[in-house]
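Structural characterization, general
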Amino acid sequence: MTQITEIAPDIFKISTFIPETNIQFQQFLVRDEEPLLYHTGMKGIFQMVKDLIAKLIDPKTIRWVGFSHFEADECGALREWQEIAPDATAICSFVSKVVSVDDVVAERPAKALKDGEVIVTGKSRFRFLQTPHVPHAWDAGHLFEENSATLLCSDLFHQNGDVEPITNSEIVSRFKETLIEYQQGPFANYLPLTSKTAQMLKRLADLKPKTIAPMHGSTYVGDGESAIYDLLKVMKDVLG
Ligand SMILES: [Fe+2]
Ligand SMILES: [Fe+2]
């Protein structure tokens, strides 16, 4: 049910499959001088995620905790992480920090990242892009690791099922299946399609990612720019 996969040099994906909801939850651990955890996972899986991360680094040494937006799978266990890692600071959008994170889940104040700001963790460089309502939520953003061209893309490219950790085959068809499935139930309108969606996805495509790392589903290694335009087409087809 859980596995660890290195998706780019020293970027590891920790994956947990929950059969009841047919969904994988993934966290990404960057092993570097200043270790970075992207997505904390929910409080309910904190102990399990911590034990997996302990196979890679000493969890106490985590310096940065990043996430896209305020939601349980993104940052629900932030306080638990900050209790065991004394130097761990959350990094997120200004909106995330002031609207929710500092009050609800942070043990210490988060560091708000400006659009385009870069965090250097040692050999890795993470650029922050503020992307309101992409994938969803006002406070949403993305981190892009510039050396490996890895886009940590949160709920974009969400694929249900216990899928393979990493693939060179396209993942947009599976994303479409998930979106159609969600439209028919209580998770309808999961991702909004707004007048600004195309423009924001273009910014992500212009980064020309080589690795696309969603929170739910397989990591894709290939032409990320084309994959993002294919994803936009699917969103227009299903949600437009
Ligand atoms: Fe989300
Ligand atoms: Fe999510």
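Now for a description of the structure that goes with this document. (Residues numbered from 1 in each chain as written. Chains lettered and ligands numbered in written order. Predicted model: local features only at pLDDT ≥ 70, side-chain atom pairs only at ≥ 80, totals over all residues. Heavy atoms only, no water.)

1. Comments concerning unusual backbone geometry
- In this structure, the amide linkage connecting Val134 to the following residue, Pro135, adopts the cis form with an omega of 0 degrees.
- Structurally, Pro135 is set in the loop between strand E9 (125-130) and strand E10 (141-145).
- The phi dihedral of Ala149 is positive, around 55 degrees, even though this residue is not glycine.
- Secondary-structure assignment places Ala149 in the loop between E10 and strand E11 (150-154). (Helix = DSSP H or I, 4+ residues; strand = E, 2+ residues; numbered from the N terminus.)

2. Focus: a nonpolar patch on the surface
- There is a patch of nonpolar side chains on the surface, built from Phe94, Val98, Val99 and Trp138 and spanning about 440 Å² of accessible area.
- With respect to the helices, strands and loops of the structure, Val98 is situated in helix H4 (residues 94-104).
- Among the residues examined, Val98 registers a relative accessible area of 47% and is labelled partly exposed. (Patch = residues over 30% accessible without salt bridge, like charges linked within 9 Å, V, L, I, M, F, W, Y side chains within 5 Å. Areas by Shrake-Rupley, 256 points an atom, 1.4 Å probe, with all protein chains shown as cover. Salt bridge = Lys/Arg side-chain N within 4 Å of Asp/Glu carboxyl O. Buried < 20%, exposed > 50% of the residue type's maximum accessible area, 1.4 Å probe, protein only.)

3. Some points on the coordination of the iron ion (ligand 1)
- Bound to the iron ion (ligand 1) on the protein side are His69 (NE2), Glu71 (OE), His136 (NE2) and Asp155 (OD), at distances that span 1.9 to 2.2 Å.
- Read in sequence order, the donor residues for the iron ion (ligand 1) give the motif H-x1-E-x64-H-x18-D.
- For the pair the iron ion (ligand 1) and the iron ion (ligand 2), the metal-to-metal distance amounts to 3.8 Å, and Asp155 bridges them. Of this pair, His69 sits in the loop between strand E5 (64-66) and helix H2 (72-75) while Asp155 sits in the loop between E11 and strand E12 (166-167), and the two are 86 residues apart along the sequence. (Donors = N, O, S within 2.8 Å, 3.2 Å for Na, K, Ca; no water.)

4. Focus: the coordination of the iron ion (ligand 2)
- Surrounding the iron ion (ligand 2) are the protein donor atoms Asp73 (OD), Asp155 (OD), Met215 (SD) and His216 (NE2), at 2.1 to 2.8 Å.
- Around the iron ion (ligand 2) sit four donor atoms; with metal-centred angles ranging over 73 to 173 degrees, the donor geometry is irregular.
- Counting the intervening residues between successive donors of the iron ion (ligand 2) yields the motif D-x81-D-x59-M-H. (Tetrahedral: all angles 85-135°; square planar, octahedral: opposite > 155°, others 65-115°.)

5. Quick look at the nonpolar core
- Residues Ile53, Ile62, Phe157, Leu179 and Leu201 are the most contacted members of the largest nonpolar core, which totals 59 residues.
- A total of eight residues in this core trace back to one element, the largest contributor, which is helix H7 (residues 224-239).
- If near-sequence neighbours (up to four positions away) are discounted, Leu179 is found in contact with Tyr190, Leu191, Val234, Met235, Val238 and Leu239. (Core = buried A, V, L, I, M, F, W, Y, C linked by side-chain atoms within 4.5 Å. Contact = heavy atoms within 4.5 Å.)

6. Considerations on the packing of helix H5 (residues 172-183) against H7
- Viewed as axis vectors pointing N to C, H5 and H7 meet at an angle of 25 degrees, and their least axial separation amounts to 10 Å. Here H7 runs roughly parallel to H5, going by the angle between their axes. In the crossing of H5 with H7, the sense of the turn from one axis to the other is right-handed. In contact with Val172, Phe175, Lys176, Leu179, Ile180 and Gln183 of H5, H7 contributes Ala227, Asp230, Leu231, Val234, Met235, Asp237, Val238 and Leu239.
- Per-class residue counts for the contact of H5 with H7 are ten nonpolar, one polar and three charged. (Axes fitted to C-alpha atoms, helices over the stretch in contact; angles between N-to-C directions. Parallel < 35°, antiparallel > 145°, perpendicular 65-115°, else oblique. Left-handed = near helix turned anticlockwise from the far one by under 90°. Nonpolar A, V, L, I, M, F, W, Y, C, P; charged D, E, K, R; others polar.)

Keep in mind these values describe shape, not function.
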